[in-house]
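Each chain, letter by letter, is given below.
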Amino acid sequence: VIKEVESTLADNFEAYNVQLHYDQLPTLNADRIQMIRLFKNIIDNSVTYRGEKPPEINISHTLDVEKKQHIFAFEDNGAGIKREDYDKIFMIFQKDSETDQNIGMGLAISKKIALNHNGRLWFTSNVGKGPTFYLSLPCSEERCPESGKPLSEIEKDKKVVSLNGNGNGVNKVSEPKLSEERVD
């Protein structure tokens, strides 16, 4: 999924000298097309609302074994979100309180995708320091063992589908459906 997002946003990444860093990301039981859209919207938002420095985006993942959730954090070095705009971030066709610039639909769509997958999307931010968007998605029993094994150990024990564009045909999807897909 991340490789496809990088490919889709390649022109913007090059134009704005974007640096994208991410941990080993898990396999999810999710709609691949919707996950691509969700990750693309959040990453594209970081590029669109960048600060003065070239965008640097860090995606990290933790596994909350107790709550049986994957938690993703998308952190960037952008300008941050003003408190008066907090309520507008996940609503469509809103305007930035200072610039009167359209906020758009990307994050509203992303929140809906998260909700459709029984997850959540939220953020923390301070003006002058980029925001961090958090995404929680439920994980299956086999991906959230009670033992609390590290994700890398779980991945070794499972046959997983990688969506890193390796040309083996797994990137083809004929209809939206839930399936285990690698996020990276």
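See the structure above.
**Quick word on the packing of helix α3 (residues 32-48) against helix α4 (residues 106-116)**
Alright, step 1. At a minimum axis separation of 9 Å, α3 and α4 run at an interaxial angle of 145°. As for the relative orientation of α3 and α4, their crossing is left-handed in sense. In contact with Gln34, Met35, Arg37, Leu38, Asn41, Ile42 and Asn45 of α3, α4 contributes Gly106, Leu107, Ile109, Ser110, Ile113, Ala114 and Asn116.
Alright, step 2. Classifying every residue of the contact of α3 with α4 gives seven nonpolar, six polar and one charged.

**Description of α3**
Alright, step 1. Across its 17 residues, α3 extends 24 Å between first and last C-alpha, which sits within 8% of the 24 Å expected from 1.5 Å per residue.
Alright, step 2. Where α3 begins, one side-chain oxygen reaches toward the backbone nitrogen of Ile33, 3.0 Å away; that side chain belongs to Asp31.

**What to know about unusual backbone geometry**
Alright, step 1. Phi at Asn17 takes a positive value of approximately 55°, unusual for a residue other than glycine.
Alright, step 2. Considering the arrangement of structural elements, one finds Asn17 in the loop between α2 (10-15) and β1 (19-22).
Alright, step 3. With phi around 55°, Lys68 is a residue other than glycine that occupies positive phi space.
Alright, step 4. Tracing the backbone through its elements, the reader meets Lys68 in the loop between β3 (56-64) and β4 (69-76).
Alright, step 5. According to the relative accessible area criterion, Lys68 is partly exposed, its value standing at 21%.

**Some words on the sheet that holds β1**
Alright, step 1. Strand order in this open sheet of five strands is β1-β3-β4-β6-β5, and the pairing throughout is mixed. The sheet is open, and its two borders are formed by β1 and β5 (120-126), each paired with just one other strand. Averaged over all neighbouring strand pairs, the angle between strand axes comes to 15°, with direction disregarded.
Alright, step 2. Direction of pairing for β3 relative to β4: antiparallel, over a ladder of eight bridges. Paired with Ser60 across the two strands is Ala73, which belongs to β4.
Alright, step 3. Together, β1, β3, β4, β5 and β6 (129-138) form the strand contacts of α3, whose direction differs from that of β6 by roughly 170°.
Alright, step 4. Against the sheet, α4 engages β5 and β6, with an angle of about 135° to β5.

**Here we look at the side chain of Asn45**
Alright, step 1. Tracing the backbone through its elements, the reader meets Asn45 in helix α3.
Alright, step 2. The residues touching Asn45, leaving out its near neighbours within four places in the chain, are Leu107 and Phe133.

**A look at the pairing of β5**
Alright, step 1. Going residue by residue along β5, you find Leu121, Phe123 and Ser125 tucked away on one face and Arg120, Trp122, Thr124 and Asn126 left uncovered on the opposite face.
Alright, step 2. By the bridge criterion, six bridges tie β5 to β6 in an arrangement that is antiparallel. Looking at the pairing, Phe123 lines up with Phe133 of β6.
Alright, step 3. In this antiparallel pair of consecutive strands, β5 and β6, the connection spans two residues, and Gly128 shows a positive phi of 90°.

Conventions and cut-offs
Residues numbered from 1 in each chain as written. Predicted model: local features only at pLDDT ≥ 70, side-chain atom pairs only at ≥ 80, totals over all residues. Heavy atoms only, no water. Axes fitted to C-alpha atoms, helices over the stretch in contact; angles between N-to-C directions. Helix = DSSP H or I, 4+ residues; strand = E, 2+ residues; numbered from the N terminus. Left-handed = near helix turned anticlockwise from the far one by under 90°. Contact = heavy atoms within 4.5 Å. Nonpolar A, V, L, I, M, F, W, Y, C, P; charged D, E, K, R; others polar. Expected span 1.5 Å × (residues − 1). Polar contact = N/O pair within 3.5 Å; in protein donor to acceptor, adjacent residues only side chain to side chain. Buried < 20%, exposed > 50% of the residue type's maximum accessible area, 1.4 Å probe, protein only. Pairing = 2+ DSSP bridges.

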